[in-house]
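Coordinates in review
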Amino acid sequence: DYATYKARVDCATDVLRGAGIGRGDRVGIALPNGISFVESFLGVLATGAAAFPVPASVSDPGMCVAPRPDPWSLLLHGFAWHIITRLAGLYRRQ
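Residues numbered from 1 in each chain as written. Predicted model: local features only at pLDDT ≥ 70, side-chain atom pairs only at ≥ 80, totals over all residues. Heavy atoms only, no water.

1. Observations regarding the packing of helix H1 (residues 2-18) against helix H2 (residues 35-47)
Look at H1 against H2: their axes get within 8 Å of each other, and the N-to-C directions meet at 55°. The pairing of H1 with H2 is recorded here as oblique in orientation. Along this stretch, H1 crosses H2, giving a crossing that reads as right-handed. Of the residues in H2, those in contact with Tyr 5, Arg 8, Val 9, Ala 12, Thr 13, Leu 16 and Arg 17 of H1 are Ile 35, Val 38, Glu 39, Leu 42, Gly 43, Val 44, Ala 46 and Thr 47. Classifying every residue of the contact of H1 with H2 gives nine nonpolar, three polar and three charged. (Axes fitted to C-alpha atoms, helices over the stretch in contact; angles between N-to-C directions. Helix = DSSP H or I, 4+ residues; strand = E, 2+ residues; numbered from the N terminus. Parallel < 35°, antiparallel > 145°, perpendicular 65-115°, else oblique. Left-handed = near helix turned anticlockwise from the far one by under 90°. Contact = heavy atoms within 4.5 Å. Nonpolar A, V, L, I, M, F, W, Y, C, P; charged D, E, K, R; others polar.)

Structure, rendered in structure tokens:
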């Protein structure tokens with residue numbers, strides 16, 4: 001439902017802000033297409049940062065072409081990001 005979806009986006013936003021991400025930052029998102037990608041993308045935008053999709057199949061996302069020589073303030077990649085946001089969501093409910 002929408003409330004669950006919104007809570008997950010808010011959780012991603014909180015995790016990113018806790019990592020110091022905000023306006024002017026660039027966040028690469030190397031996740032497979034799916035709800036986690038959308039939640040992460042919207043979470044990045046909610047911080048005021050710019051989100052850059054990176055193909056999840058790339059073995060070294062740092063080698064992807066980006067608009068600037070210093071491409072990412074943060075790169076969200078793989079299963080670890082999924083676990084971090086889910087654990088943070090559990091913590092928020094307590």
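2. Structural notes on the sheet that holds strand E3 (residues 74-77)
In space, the three strands of this open sheet follow the order E2-E1-E3, with parallel pairing throughout. The open sheet has two edge strands, strand E2 (50-53) and E3, and neither has a second partner. Each neighbouring strand pair of the sheet contributes to a mean axis angle of 25°, computed without reference to strand direction. Where strand E1 (residues 26-30) lies against E3, four bridges are found, and the strand directions are parallel. Residue pairing across strands places Ile 29 opposite Leu 76, the latter belonging to E3. Contacting E1, E2 and E3, H2 crosses the sheet at an angle of about 150° to E2. (Pairing = 2+ DSSP bridges.)

3. Here we look at the confidence of the model for the chain
The predicted model of the chain has a mean per-residue pLDDT of 77, with 68% of residues at 70 or higher. Ranking the elements of the chain by mean pLDDT puts helix H3 (residues 78-93) last, at 62, and H2 first, at 92. pLDDT under 50 marks residues 65-69. Its contacts with residues more than four places away, or in other chains, come to four contacts. (pLDDT = per-residue confidence, 0-100.)

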